[in-house]
Amino acid sequence: MEQYIQQAIQERRSIREFTEEPVEPELLHKIVTAGIWAPSGLNNQPWRFVIIQDHEITPRLASLTHYSHIIEAAPALIAVYLDQEKMYDSVKDYQAAGACIQNMLLAAHELGLGAVWLGQILKNKQQVNDVLQLSEQYDLMAVVALGYPLHRNQQSQRLPLADFILHEFGGTAP
Ligand SMILES: Cc1cc2nc3c(=O)[nH]c(=O)nc-3n(C[C@H](O)[C@H](O)[C@H](O)COP(=O)(O)O)c2cc1C
């Protein structure tokens, strides 16, 4: 199991091109379920979601980001929110949202779907709320675009492990 998780973490790539095949609602619910099983401070579960597979709403969201082509190509979108009435510590709640979104990306990968975390759209978060008919109580964290990948040729790089470890007290450095 541990090996599988490590493999999924390293295999997952941001997918920005999709086939036109729709995504079954059960799969979207599985992805949201993975999100809600993320850890949160005091287990406050501050996340909320809007699932979008709607030919009228999608282009309106696409117009709110530089990455409109990704949103337009995606058969499904999940907007991830924090419910500000459930928050207790902004740093910890933002961290929980990140954990939630990463769980969702990994679940999409496991289900044979592709996904990308879209953050640039946050610059227009108020307009996104207007399109999705949500009040300011809900703070947009990301829009996750999802679908079946058109291909899996995506490459991504990480710097060497040793570049990130500031100190290692005891043990053996990598
Ligand atoms: C907070 C955050 C915001 C991001 N926003 C965007 C975005 O607006 N558009 C986009 O195409 N990718 C976005 N990404 C995806 C990153 O570009 C991607 O994760 C990074 O290049 C590493 O590639 P990988 O996910 O394939 O490993 C975002 C990722 C994160 C974590």
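The rules we used
- Every chain is numbered on its own, with residues counted from 1 as its sequence reads.
- Only residues with pLDDT of at least 70 get local features here, since the model is predicted, and only at 80 or more are side-chain atom pairs given and counted; chain-wide, interface and lining totals rely on the full set of residues.
- In this scheme, strands are said to pair when DSSP sees at least two bridges between them.
- Where helices and strands are cited, they refer to DSSP runs of H or I of at least four residues and of E of at least two residues respectively, numbered from the N terminus.
- Fitted lines through C-alpha atoms give the axes, limited to the stretch in contact for helices. The angle between two N-to-C directions lies from 0 to 180 degrees.
- In this text, near has one meaning. A residue is near a molecule or strand if its C-beta atom, placed using the backbone, is within 6 Å of it.
- Any residue that is not Ala, Val, Leu, Ile, Met, Phe, Trp, Tyr, Cys, Pro, Asp, Glu, Lys or Arg is counted as polar, Gly included; the first ten are nonpolar and the last four charged.
- The span you would expect from a helix comes to 1.5 Å times its residue count less one.
- Working definition of burial: number of other C-beta atoms within 10 Å of the residue's own, with buried at 20 or more, exposed at 12 or fewer, and partly exposed in between, all C-beta atoms being placed from the backbone.
- C-beta atoms are placed from the backbone for every residue, and two residues are taken to be in contact when these atoms lie within 7 Å.

1. Describing the sheet that holds strand β3 (residues 114-118)
- Spatially, the 4 strands line up as an open sheet ordered β1-β2-β4-β3, and their pairing is antiparallel. Across the chains shown, the open sheet's two edge strands, defined by having one partner strand only, are β1 (47-52) and β3. Each adjacent strand pair in this sheet contributes to an overall mean axis angle of 25°, direction not counted.
- Pairing of β1 with strand β2 (residues 76-83) involves 6 bridges; the strand directions are antiparallel. Pairing of Val-50 across the sheet is with Ala-79, part of β2.

2. As for the site of the ligand
- Around the ligand, the structure places Arg-13, Ser-14, Arg-16, Tyr-67, Ile-70, Val-116, Trp-117, Leu-118, Gly-119, Gln-120, Gln-154 and Ser-156.
- At 3 residues, β3 tops the list of elements feeding residues into the shell around the ligand.
- Grouping the amino acids of the shell around the ligand by side-chain chemistry returns 5 nonpolar, 5 polar and 2 charged.

3. Digging into helix α5 (residues 90-110)
- With 21 residues, α5 ought to run about 30 Å at 1.5 Å a step, and its terminal C-alpha atoms sit 30 Å apart, in line with that.
- Buried residues of α5: Asp-93, Ala-96, Ala-97, Cys-100, Ile-101, Met-104, Leu-105, Ala-107 and Ala-108, and no others.
- Where α5 is buried, its residues contact α2 (25-36), β1, β2, β3 and β4 (138-147).
- Downstream of α5 by one or two residues, Gly-112 has phi in the positive range, about 85°.

These figures capture arrangement, not role.
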